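These are the residues of each chain, in order.
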Amino acid sequence: MRGPSLLVVGAGINGLWTAWRFLRAGWDVTLADAGPLPNPAAASWDQHRLIHPLGAESEADVHAIERALGGWAELWSRLGHSHYRQTGGLLGNRMEARSIFLGAAGWPCQRVGSASLAALVPGLRRHPEGGGLWTPRAGVLLADRIVTDMVRLIEGLGCRLLPYRPILEEEIREGRFRLGPGEAFAPDLTIVAAGAGTGEVMRMLAPRLTGVDQTMFYFSAPRAWERAPLLVDFGPHDDLWAAPPVAGTMLKLAASDLAVPGGPFDSDALSERIAETFRTIEWRFVRQARCRYARTADGPRILEPVRGTDQRVWVVAGCNGSGFKLAPLVAELVWQHARGQVEALA
């Protein structure tokens, strides 16, 4: 018997996880994206993404990372292999407050001094004042490999893939999508997960979303960096972060304070931060890349029905830079909010 039908708009990590969550519940799922599948131009496409609780603002934030890691472990089990590499993590700022949150949540962490920092981080020139906060439970998600495998996974489960199929707001509101000559599709539920492009797909949300560009530098670095931890809040402005070159990737660095809403990027500022923090004589610059994500004006992520659609259209947007690592939790939230719709269709 055919289950209820879902259209997911956007094949980034949130769209892929949402599609997989509904497929496992017996739904008939279609996934559409304006580009190819997978899409190398999407924000979710990169060598790696960090996953750690070192930016936690509360004990609840730490527990969210714990649950997210559980979700990723479920995916590894289904795939038969893992795209997670546990590297450990080092925080260079606000150690006291963060250690309180981590300790309250039972997350292993400890303060380390300058000598330990020098041993953990190759070529560290500028030590964070007061040492650092170390946790062994942090690592990187191999993002492009995850996206590639998830596209294969959901297609194997019967998901209909629609690459190069931009979805218009008028179609979403009408609830009817033309797939070809004489072929139309009217899903029971539509989830818009278009990432930084959400404001273009759903123009009514544009005033609540700001596209933010994070530029990253990639380096070929000495092999010692393959054993290094991920870094958070290092450098002269306490805003440098780094992903170590594990599993054949490159060393990646960026500065959170240099993430800007459009406009030109100050590459000299990032270069200066890196040069002040590390001895880079043995590094080789390879390339720079940009990741665009959506930031909400009022902080919290948008997860809500679209007005005038009888709750048959939901939007998830505004990852605020944390969308990849928390994708398992976002998909579960989308599922929970759609449960009333599931019951109405039963």
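See the structure shown above.
All values reported here derive from a predicted model rather than from experimental measurement.

The rules behind each value
- Residues numbered from 1 in each chain as written.
- Predicted model: local features only at pLDDT ≥ 70, side-chain atom pairs only at ≥ 80, totals over all residues.
- Heavy atoms only, no water.
- 1 Å grid on protein atoms, 1.4 Å probe; cavity = no way out; pocket = protein on both sides within 12 Å on 5 of 7 lines; lining within 4 Å.
- Points joined across faces, edges and corners; volume = space filled by probe spheres on them.
- Nonpolar A, V, L, I, M, F, W, Y, C, P; charged D, E, K, R; others polar.
- Helix = DSSP H or I, 4+ residues; strand = E, 2+ residues; numbered from the N terminus.
- Buried < 20%, exposed > 50% of the residue type's maximum accessible area, 1.4 Å probe, protein only.
- Pairing = 2+ DSSP bridges.
- Salt bridge = Lys/Arg side-chain N within 4 Å of Asp/Glu carboxyl O.

Q: Summarise empty space enclosed by the protein; cite the residues concerned and give the values.
A: What the rule picks out here adds up to 1 cavity of 30 Å³ or more. As for the largest cavity, its lining consists of Met204, Leu205, Glu304, Pro305, Val306, Arg307 and Val315. Along the lines of polarity and charge, the residues of the lining of the largest cavity split into 5 nonpolar, no polar and 2 charged.

Q: Run through the layout of surface pockets, naming residues and quoting values.
A: Reported here for the second largest pocket is a volume of approximately 240 Å³. Every residue lining the second largest pocket is counted, 13 residues in all, and those nearest its centre are Arg301, Leu326, Leu329, Val330 and Leu333. For the lining of the second largest pocket, the secondary structure elements donating two or more residues are α2 (59-79) and α9 (327-345). No other element matches α9, which puts 5 residues into the lining of the second largest pocket. Across the lining of the second largest pocket, the residue classes break down as 6 nonpolar, 4 polar and 3 charged.

Q: Can you lay out the pairing of strand β7 (residues 132-135) for me, pointing to particular residues and giving the numbers?
A: On β7, burial covers both faces: Gly132 and Trp134 on one face and Leu133 and Thr135 on the other are all buried. Sheet topology note: the strand β5 (residues 89-91)/β7 ladder contains 3 bridges and is antiparallel. For Gly89, the partnering residue across the bridge sits in β7 and is Thr135. The pairing of strand β6 (residues 110-112) with β7 spans 3 bridges and is antiparallel. Bridge pairing in β7 places Val112 opposite Gly132.

Q: A description of the pattern of salt bridges should follow, citing residues and the corresponding values.
A: Inspection of every chain in the model, using the stated rule, returns 17 salt bridges. Of the charged contacts in the structure, one is a salt bridge between Glu74 and Arg24, with a shortest N-O distance of 2.7 Å. In this pair, Glu74 sits in helix α2 while Arg24 sits in helix α1 (residues 13-24), placing the two residues 50 residues apart along the sequence. Between Arg165 and Glu171 there is a salt bridge whose closest N-O contact spans 2.6 Å. The buried category is assigned to Arg165, whose relative accessible area is 18%. A residue is classified by how much of its surface remains accessible, and Glu171, at 4% relative accessible area, is buried. The network of salt bridges with common partners includes Glu169, Glu170, Arg173 and Arg203.

So far we have only geometry, and geometry alone does not tell us how the molecule works.
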